[in-house]
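Structure at a glance
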Amino acid sequence: MKNMKHLSIIALSLAVLASFSCAKDYLDTTPTGDTSPATIFETTGKAAVAVNGLGKIMHRQYGAYGQGYNGEGTVRLYYGDYLGNNLMKGNSTTFKDDAIGARFVNNTANLDGFAWYYYYTLIGNANTILKNIDAAEGTDGDRAYIKAQTLTYRAYAYFNLAQIYGRRWSDGQDKPSVVLRLTGEEPDNLDRSTQGEVYKQIYADLDEAIAQFNASGKANSRSSKHIMDLDVAYALYARVALTREDWNTALKYAQQVRKGYPLMSVKEEQSGFCEPNGEWIWFIYGAEDETLYYYDYFCYASYNASTSTTRNYPLLISRKFFEQIPETDIRRAFWLDPAGYEGTFNTNTMKANKQDKTNALWVYGQNYAKQDGRVGILDNSCVFAYMNFKIHNVIQPGIGNLCLFRASEMLLIEAECQYRLNNEEAAQALLVELNATSKRDPAYTCEATGDALMEQIKFYRGLELWGEGFNWFDLKRWGDSIDRQTYKNGGNWYSSYAVSFGPHEKNNWTYIIPRQETDYNKGITSTSNE
């Protein structure tokens, strides 16, 4: 597709040159407008900066889609959480049509087009690196390391595309998924591959990435966890295999990667999920010199952000979900429990009736924000029942480091796989490790078996990974329903969002191929997921 190919070349130049802008040895070479692949891939040192550019594609402003579109943070929040059961954006109506499933078949909607544009930009850049790296001057080990990182990026992009635009594995491996572009030299008119073919390619990329990491001689030699390494490939393999229902493979890689990443302490768990710690496996770097201003994930997700969207519409947890959290669990304190403050907030919006010291919930929320060593909220921030105090930012308006993989997710993958493989005692022990041994809930015990054990695994995935972009993807792969209730019906969803629908409704929770692709790619024979 000419449009997409042209887009990818432009994006590569932007990403690479943005990276090189910090490299003094590049400033006196070819002018920006004349930079060619021959210059970018002249040496493995320069090619390594191009790989760093892939990370920058994952964290930059995508202004054509609107404020808040920032790359990976958008995917985790707008798709992974806003579409799910456990998190809502205050009483904001901005995401209503997306959250109630009205956008799945709208091929011009921002949410329909963004993930396609973003991930194919990442893929196009990765393909360009893979095409040119063999000619770069440097050692075989350096070239292998660059190939390994790039293949892992490409696998990551295709995996997320498959989740958004393809069917769940249990009923969709022979259904149309996304377009496989692997060289940048494919014909413009190229049809979609099946979900099974896409996952086969993801596995192939990860197998080759692992081989290249091992051949490089520096598989785990990174200087910072925002850099791709062998453990990231293992962690991605575990996540992909879980979604593909390949339980043995998912278990193998989750166990492999978790060896070097201890679960975070209670203090770290309470520290705002914005600074790296021992549990983090891979993250997107965020600092004052890398600010996206009002586009960043933390501008929308952190409770202490100075942005108007967070001050007026903070993230809330589902009341139905919150009330299942044991009183002994330290994670319960991540949200504002309104028990005892009935009558002080609007039961449709969850917002305190007055946003000043004359309202007991507002005063309670302002003081509560400072507990457990947390950063407080601004005086002009609104207070809502069930509002988020899990995620905060480091620097205003919303700067922080965005964790993409961590050990708790790997443990939960292990637990689900052990359950699926009929090793219930192992699954129980893993839940005890996550909750009691880690002191997240010292009183936790697990004797559940059968369906009840699986429900516990689902619940603790929802609790531990809340706000980290998993809920909708989990519900989709499990085939579970959306069920959102208003306050009078036992929930706390704003009435505009209070809907229920099953996994085979709403286009099977699958986004239609966006018009930006079908207008140029006439090889697509159908945009249906059947």
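Residues numbered from 1 in each chain as written. Predicted model: local features only at pLDDT ≥ 70, side-chain atom pairs only at ≥ 80, totals over all residues. Heavy atoms only, no water.

Describing the overall build of the chain
Helices and strands together make up the secondary structure of the chain, namely 22 helices and 6 strands. At 23 Å, the chain has a C-alpha radius of gyration in line with the 24 Å of a compact globule built from 530 residues. A principal-axis box enclosing the C-alpha atoms of the chain has dimensions of 70 × 50 × 45 Å. By residue count, 62% of the 530 residues in the chain fall in the buried class. In the chain, of all internal contacts separated by at least 6 residues, the share reaching a separation of at least 24 is 73%. The positive charge centre, built from 53 side chains, and the negative charge centre, built from 62, are 4 Å apart in the chain. (Helix = DSSP H or I, 4+ residues; strand = E, 2+ residues; numbered from the N terminus. Rg over C-alpha atoms; globule rule 2.2 N^0.38 Å. Buried < 20%, exposed > 50% of the residue type's maximum accessible area, 1.4 Å probe, protein only. Contact = heavy atoms within 4.5 Å. Lys, Arg positive; Asp, Glu negative; His and termini not counted. Charge placed at Lys NZ, Arg CZ, Asp CG, Glu CD.)

Concerning empty space enclosed by the protein
Summed over the entire model, instances satisfying the criterion amount to 7 cavities of 30 Å³ or more. There is about 240 Å³ of room inside the largest cavity. Taken together, 21 residues line the largest cavity, and the ones lying closest to its centre are Asn160, Arg239, Gly469, Phe470 and Phe473. Mapped by element, the contributors of at least two residues to the lining of the largest cavity are helix H4 (72-79), helix H7 (140-165), helix H10 (230-243), strand E4 (402-406), helix H17 (407-420) and helix H20 (471-478). Looking at the lining of the largest cavity residue by residue, the class counts come to 9 nonpolar, 4 polar and 8 charged. Each pocket or cavity is described by its volume, and for the second largest cavity that value is around 90 Å³. In terms of lining, the second largest cavity is formed by Ala162, Gln163, Gly166, Arg167, Arg168, Trp169, Gln195, Tyr199, Thr243, Phe473, Lys476 and Arg477. Looking at the lining of the second largest cavity, the elements that each hand over two or more residues are H7, helix H9 (195-216) and H20. If one sorts the elements of the lining of the second largest cavity by residue count, H20 sits on top with 3 residues. Here the lining of the second largest cavity is built from residues that sort into 4 nonpolar, 4 polar and 4 charged. (1 Å grid on protein atoms, 1.4 Å probe; cavity = no way out; pocket = protein on both sides within 12 Å on 5 of 7 lines; lining within 4 Å. Points joined across faces, edges and corners; volume = space filled by probe spheres on them. Nonpolar A, V, L, I, M, F, W, Y, C, P; charged D, E, K, R; others polar.)

Quick look at the environment of Thr150
Looking at the element boundaries, Thr150 is found in helix H7. Separated by 71 residues in sequence, Thr150 and Ser221 place their C-alpha atoms 16 Å apart.

Observations regarding the pattern of salt bridges
A full pass over the atoms with the stated rule returns 40 salt bridges. Of the charged contacts, one joins Arg103 and Asp97 as a salt bridge, the two residues approaching to 3.7 Å between their closest N and O atoms. According to the relative accessible area criterion, Asp97 is partly exposed, its value standing at 29%. If you follow the salt bridges from partner to partner, you end up with Glu269, Glu279, Asp329, Arg331, Lys390, Arg406, Arg440, Glu464 and Glu468 in one network. (Salt bridge = Lys/Arg side-chain N within 4 Å of Asp/Glu carboxyl O.)

Re the environment of Phe334
Tracing the backbone shows Phe334 in the loop between helix H15 (319-322) and helix H16 (360-368). What makes Phe334 buried here is its relative accessible area of 3%. Considering only alpha carbons, one finds Phe334 and Gln366, 32 residues apart in sequence, at a separation of 14 Å. Once you skip the residues sitting within four places of it in the chain, Phe334 turns out to touch Glu269, Gln270, Phe273, Met387, Asn388, Phe389 and Lys390.

Overview of the pairing of strand E2 (residues 280-284)
Of all 5 residues making up E2, 5 are buried, and the element is well covered by its neighbours. Here 4 bridges tie E2 to E4, and the two strands are oriented antiparallel to one another. The partner of Trp280 across the bridge, within E4, is Arg406. (Pairing = 2+ DSSP bridges.)

Thoughts on the layout of surface pockets
Empty space within the second largest pocket amounts to approximately 540 Å³. Asn85, Asn86, Phe321, Gln324 and Leu475 are, among the 28 residues lining the second largest pocket, the residues nearest its centre. Of all elements in the fold, only H15, helix H19 (450-464) and H20 reach the threshold of two or more residues within the lining of the second largest pocket. Looking at the lining of the second largest pocket, the element that brings in the most residues is H19, giving 5 residues. Here the lining of the second largest pocket is composed, by residue class, of 9 nonpolar, 10 polar and 9 charged.

Quick word on the packing of helix H6 (residues 110-132) against H7
Relative orientation and spacing of two packed helices are given, respectively, by the angle between their axes and the distance between those axes. Closest axis-to-axis distance for the H6/H7 pair is 9 Å, and the angle between their directions is 160°. Taken as axis vectors, H6 and H7 run roughly antiparallel relative to one another. The interaxial crossing formed by H6 with H7 has left-handed handedness. Here the contact of H6 with H7 is built from residues that sort into 19 nonpolar, 4 polar and 3 charged. (Axes fitted to C-alpha atoms, helices over the stretch in contact; angles between N-to-C directions. Parallel < 35°, antiparallel > 145°, perpendicular 65-115°, else oblique. Left-handed = near helix turned anticlockwise from the far one by under 90°.)

Considerations on the packing of aromatic side chains
Counted by the stated rule, this structure contains 50 aromatic pairs. Relative to Phe95, the ring of Tyr82 has its centre 4.4 Å away and its plane inclined at 45°; by these criteria the two rings are tilted. Of this pair, Tyr82 sits in the loop between H4 and strand E1 (87-89) while Phe95 sits in the loop between E1 and helix H5 (96-99), and the two are 13 residues apart along the sequence. Of the two residues, Tyr82 and Phe95, both sit in the buried class. (Phe/Tyr/Trp six-rings, centres within 6.5 Å; stacked < 30°, edge-to-face > 60°.)

A word on H17
The end-to-end C-alpha separation of H17 is 20 Å, in line with the 20 Å expected for 14 residues at 1.5 Å each. In terms of burial, H17 is a largely internal element, 13 of the 14 residues being buried. Downstream of H17 by a residue or two, Asn422 has a phi angle that is positive, lying close to 65°. (Expected span 1.5 Å × (residues − 1).)

A closer look at unusual backbone geometry
The omega angle of the peptide bond from Gln396 to Pro397 is 5°, so this bond is cis rather than trans. Following the sequence through the fold, Pro397 ends up in the loop between H16 and E4.

Quick look at H7
In an α-helix, one turn spans 3.6 residues, which is why side chains three or four residues apart end up on the same side. The terminal C-alpha atoms of H7, which comprises 26 residues, lie 37 Å apart, in line with the 38 Å expected from a rise of 1.5 Å per residue. With 23 of 26 residues buried, H7 is to be regarded as a mostly interior element.

Let's talk about the confidence of the model for the chain
Predicted confidence across the chain gives a mean pLDDT of 92, with 93% of residues reaching 70 or more. Here residues 1-34 scores under 50 on pLDDT; set against residues more than four positions off or in separate chains, the count is 49 contacts. (pLDDT = per-residue confidence, 0-100.)

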